[in-house]
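# Notes for the structure review
Chain by chain, the residues run as shown.
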Amino acid sequence: ITGVLLDRHGRRPFICFGSLVFAAACAGFLLVDHVGPLLWGLRLVQGLAWPLFYIGLSTLATDIAPRARMGQAIGVFGAIMISTNALGPALAEWGARAFGWHAVFSTTVAAALVAAVLTLFLHEQHRPQSRDNASTMLELVRVPGLRRVLVVTAMAGWTFGSIFTFYQPWALACGFEQVSLFLVAFAACAMVVRIGLGGLADRLGRLRVARAMLLLYIAAPLSLVWLPTLGLLLTGGLLGISHGMFFPALNAVAVDFAPANERGKAMAAYNGAFNVGFASGSYLLGYVAIATSFPTIFYISAATCAVAFGLLVSGQSTVSAASVPTPVND
């Protein structure tokens, strides 16, 4: 629904509205004093606001960027999001200790309101579609090459979700007392490759880079099996490098399947597929961990990633047409 609305009405209104809903939800946390329906309801509201803001803003980034640099634009945008995801929890913990949780949530309200105001200064290049000329989301995802990309994306999301959900309890079980080093290494490496090597996919071919990084991705869950030996820094850095290059490269491939005025649907479909994989991996593998062990779920995730790599390689003829290297003028 988000993608269809973005293409029909433009990006800015939904970025602004998502920011305002976020502000309202964050304000609601000032009233939370126990785990219960209010907390769950506020998280649901945040879940509704997030796709409006994120997909709207990321789609706007692809609208602004030249087609030859779309992979780089998505990578830089993602690097900024990763940096906030890494800094946010750390600053929140420090702020809670120093000033209390009410100050933390008040700050998040202010940040969301500032984002809403800044939205008014964004330059909208998209031309809204009429109902008669717009294709449906179902028509877009039926495109054979894109359909395969979305399946691969969901499988990568499964792998990513299993790592992010279970690395912490596994690290604690292995005797690590501080587990944040994994997240720091992941964020640092992902930011470095996206900013420093962000144009590589556009130069060499987005599909080619996505395939290479997906092959490296297989090693990320496998490295956690030997976490006591390899440590949090190396395992987190490996995930940061592979995911940091793979996600924006394949994202650009997905966007290339859609006309310029339908990128909202392509971005929504890509991120939706990844989130479906993330949620299902996080949920279902929890039962596997209870029944077996943490290494077992990491082996399963590595196998899932290997199958995804096979699908991406075997479908090269249907996918590669949207990922031909384009000349980049520096």
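Residues numbered from 1 in each chain as written. Predicted model: local features only at pLDDT ≥ 70, side-chain atom pairs only at ≥ 80, totals over all residues. Heavy atoms only, no water.

### Thoughts on the side chain of Arg-194
Spelled out, the test is: Strands here mean DSSP runs of E at least two residues long; helices mean DSSP runs of H or I at least four residues long; both are numbered from the N terminus. Three labels apply to residues, based on accessible area from a 1.4 Å probe with only protein chains included: buried if under 20% of the type maximum, exposed if over 50%, partly exposed otherwise in between. Any pair of residues with heavy atoms lying within 4.5 Å of one another is described as a contacting pair.
Inspection of the secondary structure assignment puts Arg-194 in helix 8 (residues 180-196). Looking at Arg-194, the relative accessible area reads 4%, which means it is buried. Non-local contacts of Arg-194, meaning those with residues more than four positions away in its chain, are made with Gly-75, Val-76, Gly-78, Ala-79, Ile-82, His-243, Gly-244, Phe-247 and Pro-248.

### Let's talk about a nonpolar patch on the surface
Short version of the rule: For patch building, the residue pool is restricted to those with more than 30% relative accessible area and no salt bridge; the joining distance is 9 Å between like charges and 5 Å between nonpolar side chains (Val, Leu, Ile, Met, Phe, Trp, Tyr). In short, Shrake-Rupley with a 1.4 Å probe defines the accessible areas, and a residue's cover is counted only from the protein chains shown. Salt bridges are defined by distance alone: a side-chain nitrogen of Lys or Arg within 4 Å of a carboxyl oxygen of Asp or Glu.
Residues Val-114, Val-117, Leu-118, Leu-120 and Phe-121 make up a contiguous nonpolar surface patch of roughly 540 Å² in combined accessible area. Of note, Leu-120 is situated in the loop between helix 5 (101-119) and helix 6 (137-141). Residue Leu-120 is classed as exposed on the basis of its relative accessible area of 58%.

### A word on the packing of helix 3 (residues 37-64) against helix 13 (residues 263-291)
Stated precisely, the cut-off is as follows: Between N-to-C directions, angles cover 0 to 180 degrees, with each direction set by a line fitted to C-alpha atoms, over the stretch in contact for helices. Comment on the angle field: the value is read as roughly parallel under 35 degrees, roughly antiparallel over 145, roughly perpendicular from 65 to 115, and oblique elsewhere. In a left-handed crossing the near helix is turned counterclockwise from the far helix by less than a right angle, and in a right-handed crossing that turn is clockwise. Residues are grouped as follows: nonpolar covers Ala, Val, Leu, Ile, Met, Phe, Trp, Tyr, Cys and Pro; charged covers Asp, Glu, Lys and Arg; every other residue, Gly included, is treated as polar.
Packing of helix 3 against helix 13 brings their axes to within 9 Å, and their N-to-C directions diverge by 125°. One finds that helix 3 runs oblique with respect to helix 13. When the axes of helix 3 and helix 13 are compared, the crossing they make is right-handed. Residues Tyr-54, Ile-55, Ser-58, Thr-59, Thr-62 and Asp-63 of helix 3 form the contact with helix 13, whose own contacting residues are Arg-263, Gly-264, Met-267, Ala-268 and Asn-271. Residues of the contact of helix 3 with helix 13, tallied by class, amount to four nonpolar, five polar and two charged.

### Some remarks on helix 8
At 3.6 residues per turn, the α-helix brings residues three or four places apart onto the same side. Heads up, the rule is: Expected span of a helix, by definition, is 1.5 Å for each gap between consecutive residues, and there is one gap fewer than residues.
In this model, helix 8 (17 residues) spans 24 Å end to end at C-alpha, consistent with the 24 Å of a helix rising 1.5 Å per residue. Listed in full, the buried residues belonging to helix 8 are Phe-182, Ala-185, Phe-186, Ala-187, Ala-190, Val-193 and Arg-194.

### Here's the deal with the packing of aromatic side chains
The line we're drawing: Between rings of Phe, Tyr and Trp, where Trp is taken as its six-membered ring, a pair exists when centres lie within 6.5 Å; planes separated by under 30 degrees are stacked, by over 60 edge-to-face, and by other angles tilted.
Per the counting criterion, the structure on display carries 20 aromatic pairs. Centroid distance Trp-50 to Phe-53: 6.4 Å. Interplanar angle 40°. Geometry classified as tilted. Here Trp-50 and its partner Phe-53 are both found in helix 3, three residues apart, which amounts to about one turn of the helix. Looking at Phe-53, the relative accessible area reads 16%, which means it is buried. Ring centres of Trp-50 and Tyr-54 lie 5.1 Å apart, and the angle between their planes is 20°; this geometry places the pair in the stacked category.

### Examining the side chain of Thr-235
Operational definition: Two N or O atoms count as a polar contact when they lie within 3.5 Å, although within protein this holds only if one can serve as hydrogen donor and the other as acceptor, and sequence-adjacent residues are included solely when both atoms are side-chain atoms.
If you trace the backbone, Thr-235 turns up in helix 12 (residues 227-256). You can call Thr-235 buried: its relative accessible area is 1%. A polar atom in the side chain of Thr-235 sits 2.9 Å from the backbone oxygen of Gly-231.

### Comments concerning the nonpolar core
Where a protein is soluble and globular, its nonpolar side chains tend to be buried together. Worth spelling out the cut-off: What makes a nonpolar core is a set of buried Ala, Val, Leu, Ile, Met, Phe, Trp, Tyr and Cys residues whose side-chain atoms join them at distances within 4.5 Å.
One finds Leu-214, Tyr-217, Leu-239, Phe-246 and Leu-250 to be the most contacted residues of the largest nonpolar core, which totals 67 residues. The residues touching Leu-214, leaving out its near neighbours within four places in the chain, are Val-152, Phe-246, Cys-305, Ala-308, Phe-309 and Leu-312. Counting residues in hydrophobic clusters, the runner-up holds seven residues, among them Ala-23, Cys-26, Val-109 and Ala-112.

### Topic: helix 7 (residues 144-173)
Threshold: Fitting axes to the seven residues that end at a residue and to the seven that start at it, the angle between those axes gives the bend at that residue.
For helix 7, with 30 residues, the first-to-last C-alpha span of 44 Å sits near the 44 Å given by 1.5 Å per residue. At Tyr-167, helix 7 shows its largest kink, close to 40°, and the proline Pro-169 lies no more than four residues downstream. Positive backbone phi, approximately 105°, marks Gly-175, located one or two places after helix 7.

Treat this as a map of the structure, not an account of what it does.
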